[in-house]
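Understanding the architecture of this molecule
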Amino acid sequence: MESPHAVVIGSGIGGLTAAVALHRSGWQVAVLERAGSLEPVGAGISLAPNAQRALDVIGLGDEIRSLAAWQGEGGMRSPDGRRLSGTDSTAAAERFGGPLVLLHRAALIDRVAAGLPASAIRTGCPAHLVDPGAAGGRPAVIGTPDGTIEAELVIGADGIHSSVRGALFPDHPGPSYAGFTTWRILAPAPAEPFAPHETWGRGALWGTQPLKDGRIYAYAAAVAPAGARAADDERAELLRRFGDWHRPIPAIIDAADPGGVLRNDVHQMTDPPPAFHRGRTVLVGDAAHAMAPTLGQGGNQAIEDGIVLAHHVAPGTDLGAGLAAYTADRLPRTTAVVRKAERVSRLMRLSGPVTVAVRDFVMSTVSRLGPGLVLRTFDGIADWRPPQHTYAAGTNGASAQPRWTTTDEDRDARR
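All values derive from a computational prediction rather than experimental measurement.

Calculation rules
- Residues numbered from 1 in each chain as written.
- Predicted model: local features only at pLDDT ≥ 70, side-chain atom pairs only at ≥ 80, totals over all residues.
- Heavy atoms only, no water.
- Core = buried A, V, L, I, M, F, W, Y, C linked by side-chain atoms within 4.5 Å.
- Buried < 20%, exposed > 50% of the residue type's maximum accessible area, 1.4 Å probe, protein only.
- Helix = DSSP H or I, 4+ residues; strand = E, 2+ residues; numbered from the N terminus.
- Contact = heavy atoms within 4.5 Å.
- Pairing = 2+ DSSP bridges.
- Axes fitted to C-alpha atoms, helices over the stretch in contact; angles between N-to-C directions.
- Salt bridge = Lys/Arg side-chain N within 4 Å of Asp/Glu carboxyl O.
- Parallel < 35°, antiparallel > 145°, perpendicular 65-115°, else oblique.
- Left-handed = near helix turned anticlockwise from the far one by under 90°.
- Polar contact = N/O pair within 3.5 Å; in protein donor to acceptor, adjacent residues only side chain to side chain.
- Phe/Tyr/Trp six-rings, centres within 6.5 Å; stacked < 30°, edge-to-face > 60°.

For the rest of this paragraph, the subject is the nonpolar core. Ranked by size, the top nonpolar core spans 67 residues in total, and within it Leu 22, Leu 47, Leu 108, Ile 142, Leu 153, Ile 155 and Leu 309 carry the most contacts. Among the elements that take part in this core, helix 1 (residues 13-25) stands out by supplying 7 residues, more than any other. The residues touching Leu 108, leaving out its near neighbours within four places in the chain, are Ile 13, Ile 45, Leu 47, Leu 55, Ile 64, Leu 103 and Ile 303. With 23 residues, the next largest nonpolar core counts Tyr 219, Met 291, Ala 292 and Met 363 among its residues.

What follows deals with the sheet that holds strand 14 (residues 204-210). A sheet is described by the order of its strands in space; here 7 strands give the open sequence 5-4-13-14-15-12-16, paired in mixed fashion. Among the strands making up the open sheet, the edge pair consists of strand 5 (83-88) and strand 16 (262-268). When strand polarity is set aside, the average angle formed by the axes of neighbouring strands in this sheet is 20 degrees. Across 7 bridges, the pairing between strand 14 and strand 15 (residues 215-223) is antiparallel. The residue bridging Pro 210 from the neighbouring strand is Ile 216, located in strand 15. In the packing of helix 11 (residues 319-349) onto the sheet, contacts are made with strand 12 (176-188), strand 13 (197-200), strand 14, strand 15 and strand 16, and the angle to strand 12 comes to roughly 80 degrees.

Overall, the coordinates contain 20 salt bridges when judged by the stated rule. Here Arg 122 makes a salt bridge to Asp 146, at a shortest N to O gap of 3.4 Å. Here Arg 122, found in strand 7 (residues 121-122), pairs with Asp 146, found in the loop between strand 9 (140-144) and strand 10 (147-151); they are 24 residues apart in sequence, far enough to count as distant. What makes Arg 122 partly exposed here is its relative accessible area of 31%. Judged by its relative accessible area of 68%, Asp 146 is exposed. Salt-bridge contacts for Glu 342 lead to Arg 346; the nearest nitrogen and oxygen are separated by 2.8 Å. A residue pair is termed a helical-turn pair when its members lie 3 or 4 positions apart in one helix, as Glu 342 and Arg 346 do in helix 11 at 4 residues. Using a relative accessible area of 45% as the deciding quantity, one classes Arg 346 as partly exposed. If you follow the salt bridges from partner to partner, you end up with Asp 232, Glu 237, Arg 240 and Arg 241 in one network.

Attention shifts here to the packing of helix 2 (residues 49-56) against helix 10 (residues 298-312). The contact between helix 2 and helix 10 brings their axes to 9 Å, and the two run at 30 degrees. Between helix 2 and helix 10, the interaxial angle falls into the category roughly parallel. Crossing geometry of helix 2 relative to helix 10 is assigned as left-handed. Contacts between helix 2 and helix 10 involve Asn 50, Ala 51, Ala 54 and Leu 55 from the former and Asn 300, Gln 301, Ile 303, Glu 304 and Ile 307 from the latter.

Below, the discussion takes up the environment of Asp 379. Its place among the elements puts Asp 379 in the loop between helix 13 (371-375) and helix 14 (408-414). Since its relative accessible area comes to 32%, Asp 379 is described here as partly exposed. Each residue touching Asp 379, except ones within four places of it in the same chain, is listed here: Arg 95, Phe 96 and Lys 340. At 2.9 Å, the side chain of Asp 379 forms a polar contact with the side chain of Arg 95.

For any two aromatic rings, the description comes down to two numbers: the centre-to-centre distance and the angle of the planes. Inspection of the entire model under this criterion finds 5 aromatic pairs. Seen from their ring centres, Trp 183 and Phe 242 are 6.4 Å apart, and the 80 degrees between their planes marks the pair as edge-to-face. One end of the pair, Trp 183, is in strand 12; the other, Phe 242, is in helix 7 (residues 234-242), and 59 residues separate them in sequence. The class of Trp 183 is buried, set by a relative accessible area of 1%. Geometrically, the ring pair formed by Trp 206 and Phe 242 is tilted, given 5.4 Å between the ring centres and 55 degrees between the ring planes. Linking Trp 206 in strand 14 with Phe 242 in helix 7, this pair joins segments that are 36 residues apart in sequence. A single burial state applies to Trp 206 and to Phe 242, both of which are buried. Counting every residue linked through ring pairs, the aromatic cluster contains Trp 183, Trp 206, Phe 242 and Trp 245.

Position of Ala 19 among the secondary structure elements: in helix 1. A C-alpha to C-alpha distance of 29 Å links Ala 19 and Asp 379, two positions 360 residues apart in sequence. Every residue in contact with Ala 19, bar those within four places of it in the chain, is listed here: Val 8, Val 29, Val 31 and Leu 116.

Okay, the sheet that holds strand 18 (residues 281-283) next. The strand order across the open sheet formed by 6 strands is 7-2-1-11-18-17, and the pairing between neighbours is mixed. Every interior strand has two partners, whereas the edge strands, strand 7 and strand 17 (277-278), have only one. Bridging between strand 17 and strand 18 involves 2 bridges; their strand directions are antiparallel. In the strand pairing of strand 18, His 277 is matched with Val 282. Lying over the sheet, helix 1 contacts strand 1 (5-9), strand 2 (28-32), strand 7 and strand 11 (153-156), oriented at roughly 165 degrees with respect to strand 2. Contacts from helix 11 reach strand 11, strand 17 and strand 18, with the element oriented near 15 degrees to strand 18.

Structure representation (structure tokens):
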């Protein structure tokens, strides 16, 4: 019997994870990418234990954990360097069952894509949904420059402004501007050591984190009109906004390549589409649940999507029931994460001196009561476990015996 055929539109982390998980479960998979290569847009990505456990399912979790660079203390600061709250890498790992890992997006894309046959990925191939198909009847149809393709399953992984989502749910308003813009840079590590930190100012934020390869991944956010850009270059804009903040922020900005500073406005969907599927077509990642980056969960939730989707649509199962189960699993969870990220972004966007002072006082007070209170922000997020059997952290490969699985009752309790 011939394996069923799935087509993934888009080669971001959610689409590639779904493709690999489907391929491993017995689907024939094709990934159609508009760009001419898989070079990812972006600088760094943060993978929390929930995404690492999802990657365990496709044999990558331990490799990703080995790239963890954060050791010791970290925390939140004010622009003058005053500590607002603190946490510890060991406490975070103990609470959530693994470390926080920051790595370059290119490194993650390369590792996930390696799980597919080279022939499965077609770059320079823009695609659009012609017909979502019917789960119990006609196949889905995808349009490409070379003609149409029929498939038993189509995965829309085409990002925030997804054309697949628009085709499935034309009445849904889609994403809206979140009120702030972000910058991301990679830079050499400064000469003097520093503790990883996120610094909150008035309507602005800066984060400095180490990578395993010795470089620094830094990110910034600030309230700004949608579409605004620097008159000269974005590194100069960072110096204007953050050049008088505490060490090592000015030195990191100085060391950055002006042409390597990425700036992107933030869009989010606090109101989700009515479902994540229709017919034989399903959404993953930003196409389904674009969110503010304030929890660092956008890529993590996309990885979860791909793994959970493959679990529910294994060859030989009822596709309609499987896609309905995927929506039932993923829509409530991701909507909660989207809305929590939006609430955190509201705190970041505060700019009045009184409201900022109150915010900072609350952060400092909560931290003094115990670092566990700070980590509670990620309860119900970073402690997620996939529904499949998988190998546990600390083993040396996917062939190890599974130590845990997730039951329906466990998933219900986390919702």
